[in-house]
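# Descriptive structure summary
For reference, the chains in residue letters:
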Amino acid sequence: MSKERLEKIRSNFESWKVDGILITNLTNVRWASGFTGSSGMLAITADNAYLGTDFRYWEQAASQAPDYELVKMGRTAEFVHIDGLVKMLGVGRVGFEASDMTVAAFGDLRKKCKDDESLTLFPLNSRIEPLRHTKTESELEMIRKAAVITDAAMAAVNNLAKPGMTERALAWELEKHMRENGADGLAFDIIVAAGPNGAMAHHHPSDTQLKEGDTIIVDMGAMLDGYHSDLTRTFFLGNTPDETFKIVYDLVHTAQKNALNNMKAGMKGQEIDAFAREVIADAGHGDKFGHSLGHGVGLNIHEGPSLSSIYDQDIPSGSVVSVEPGVYLPGWGGVRIEDLVVVTPNGPEFLSNCPKTPIIPV
Ligand code: ZN
Ligand code: ZN
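This write-up is about the structure you can find in this document. (Residues numbered from 1 in each chain as written. Chains lettered and ligands numbered in written order. Predicted model: local features only at pLDDT ≥ 70, side-chain atom pairs only at ≥ 80, totals over all residues. Heavy atoms only, no water.)

A few words on the side chain of Arg 233. Here Arg 233 shows up in strand β12 (residues 231–237). Within the local environment of Arg 233, its side chain forms a polar contact with the backbone oxygen of Glu 338, the two atoms lying 3.1 Å apart. With residues near it in sequence (within four places) discarded, Arg 233 still touches Met 154, Ile 216, Ile 217, Val 218, Arg 336, Ile 337, Glu 338, Asp 339, Cys 354, Pro 355 and Lys 356. (Helix = DSSP H or I, 4+ residues; strand = E, 2+ residues; numbered from the N terminus. Polar contact = N/O pair within 3.5 Å; in protein donor to acceptor, adjacent residues only side chain to side chain. Contact = heavy atoms within 4.5 Å.)

Right, dumping it as structure tokens:
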């Protein structure tokens, strides 16, 4: 797999106007090489591919990234440092990941490379990330499994949530559920937002107790082998939902369905965003939907491509994105409904299959 990805990177050198590249973003390192350590970098030219890492990971690097030649790095003089790795490439123009390297690290590297006049360090802005947008079948398989684990935990909310339980306690039950069903960890901190807390799109679970009549937003995902999933459902705790819940829930659900029914690979992110946004705006709540419709999901929980009003690029076939409109009313709460899909030329293929059963009788 990493051989194919290596070739994919190399095939872009000409358009990126580089002879080689230094990859320091750890997620990109993982994607390009298979190496999962917490410290390491790749240096690639048309002919060579190096993976530099420190003592802790030498054995792991050799087994996870056989297509890369291991370079033993360390802080002391006997080991290779970052400038040494760059010089090993022996080429003129080396691209580096400007969105990853700190200003301080770049200043230091440039100073140390000064003696090599033929070497130019050339900033590249997020060039590896778009190569990750289209998922391979094995990546989809991993995300699918993570989504199944997430679906099962979400389906348990209808039985778990009770008046008097705190947001924090419900979040913990859901975390346990996902871990016990095979998740390596959480894709992100679980969001449980009851009543007015739901008006804050990313509320952190607190000691607030759930009570009858509350709207409850639950947003969570499992992580499996580095891949993430993402799912939101909104519930009503009580036998008869109030008028506001019925209206807002139906509006958000209709907006989501409009996006899901019309989206296809090859459309621009902003076109897909508009399918949901227009429904909410037409109902007079445009200013209460302040985030984008969705984001890519993969080795990062938030990655490209984006379904947002400012994303004017095409969504490629095989992208995994969330579709998550929301309406947030300060003082009352919020409703968000989120599903994870693979974008295909024929429309979305659902990765999330959790039912939408908002009413939790008490
Ligand atoms: Zn989410
Ligand atoms: Zn999301």
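Anyway, onward from the coordinates.
Our focus in this paragraph is the coordination of the zinc ion (ligand 2). Around the zinc ion (ligand 2), the protein contributes the donor atoms Asp 230 (OD), His 295 (NE2), Glu 324 (OE) and Glu 338 (OE), which lie 2.1 to 2.2 Å from the metal centre. Considering all four donor atoms around the zinc ion (ligand 2), angles at the metal cover 77 to 152° and the coordination shape is irregular. For the zinc ion (ligand 2), the donor residues sit on a single chain with the sequence spacing D-x64-H-x28-E-x13-E. Metal-to-metal, the separation of the zinc ion (ligand 2) and the zinc ion (ligand 1) is 3.1 Å; Asp 230 coordinates the two. With a gap of 14 residues between them, Glu 324 in the loop between β15 (320–323) and β16 (326–329) and Glu 338 in the loop between β17 (333–336) and β18 (339–344) connect regions that are remote in the sequence. Each member of the pair, Glu 324 as well as Glu 338, carries the same accessibility label: buried. (Donors = N, O, S within 2.8 Å, 3.2 Å for Na, K, Ca; no water. Tetrahedral: all angles 85-135°; square planar, octahedral: opposite > 155°, others 65-115°. Buried < 20%, exposed > 50% of the residue type's maximum accessible area, 1.4 Å probe, protein only.)

This brings us to the coordination of the zinc ion (ligand 1). At 2.0 to 2.6 Å from the zinc ion (ligand 1) lie its protein donor atoms, namely Asp 219 (OD), Asp 219 (OD), Asp 230 (OD) and Glu 338 (OE). Each of the four donor atoms around the zinc ion (ligand 1) contributes to a set of angles spanning 55 to 148°, which defines the coordination as irregular. The sequence motif formed by the donor residues of the zinc ion (ligand 1) is D-x10-D-x107-E.

The subject of this paragraph is the pairing of strand β6 (residues 120–124). Along any regular strand the residues' side chains alternate between the sheet's two faces. Two strands pair when backbone bridges link them, and strand β5 (residues 93–97) and β6 are joined in this way by five bridges, in the parallel orientation. When the bridges of β6 are listed, Arg 93 appears paired with Thr 120. Regarding topology, helix α6 (residues 103–112) serves as the crossover connection from β5 to the parallel β6, and that connection is right-handed. (Pairing = 2+ DSSP bridges. Right-handed = clockwise from strand over helix to strand, strands pointing away.)

One can describe the packing of helix α7 (residues 137–155) onto helix α9 (residues 167–180) by two numbers: an axis separation of 9 Å at closest approach and a directional angle of 140°. Classified by the angle between their axes, α7 and α9 sit oblique to one another. As for how α7 packs across α9, the hand of that crossing is right-handed. Two secondary-structure elements touch here, α7 through Ile 149, Thr 150, Ala 152 and Ala 153 and α9 through Leu 174, His 177 and Met 178. A per-class count over the contact of α7 with α9 returns five nonpolar, two polar and no charged. (Axes fitted to C-alpha atoms, helices over the stretch in contact; angles between N-to-C directions. Parallel < 35°, antiparallel > 145°, perpendicular 65-115°, else oblique. Left-handed = near helix turned anticlockwise from the far one by under 90°. Nonpolar A, V, L, I, M, F, W, Y, C, P; charged D, E, K, R; others polar.)

Another aspect to go through is the pairing of strand β14 (residues 303–307). Among the five residues of β14, four are classified as buried, and the element is accordingly described as predominantly covered. As paired strands, strand β13 (residues 294–296) and β14 are joined by three bridges and run antiparallel to one another. Of the residues in β14, the one forming a bridge with Gly 296 is Glu 303. Taking the residues between adjacent antiparallel strands as the criterion, β13 and β14 are bridged by six residues.

The next subject is the sheet that holds strand β20 (residues 359–360). The four strands lie next to each other as β8-β9-β12-β20, forming an open sheet whose pairing is mixed. With one partner strand each, in any of the chains shown, β8 (191–194) and β20 form the two edges of the open sheet. Judged from the six bridges that link them, strand β9 (residues 215–220) and β12 form a sheet pairing that is antiparallel. Its bridge partner lying in β12, Ile 217 is registered against Thr 234. The strands touched by α7 are β9 and β12; relative to β12, the strand with the most contacts, the crossing angle is about 5°.

Here we take up the packing of aromatic side chains. By the definition in use, this model includes seven aromatic pairs. Aromatic pair Trp 58 and Phe 79: ring centres 5.7 Å apart, planes at 55°, arrangement tilted. Note that Trp 58 is positioned in helix α4 (residues 58–64) and Phe 79 in the loop between β4 (69–72) and α5 (82–88), a separation of 21 residues in sequence. Clustering of aromatic rings is evident, with ring pairs tying together Phe 55, Trp 58 and Phe 79. The residue whose ring lies beneath Lys 72 is Trp 58, and the NZ or CZ to ring-centre distance is 4.8 Å. Cation over ring: Arg 277 sits above Phe 289, and NZ or CZ is 4.0 Å from the ring centre. (Phe/Tyr/Trp six-rings, centres within 6.5 Å; stacked < 30°, edge-to-face > 60°. Lys NZ or Arg CZ within 6 Å of the ring centre and 35° of its normal.)

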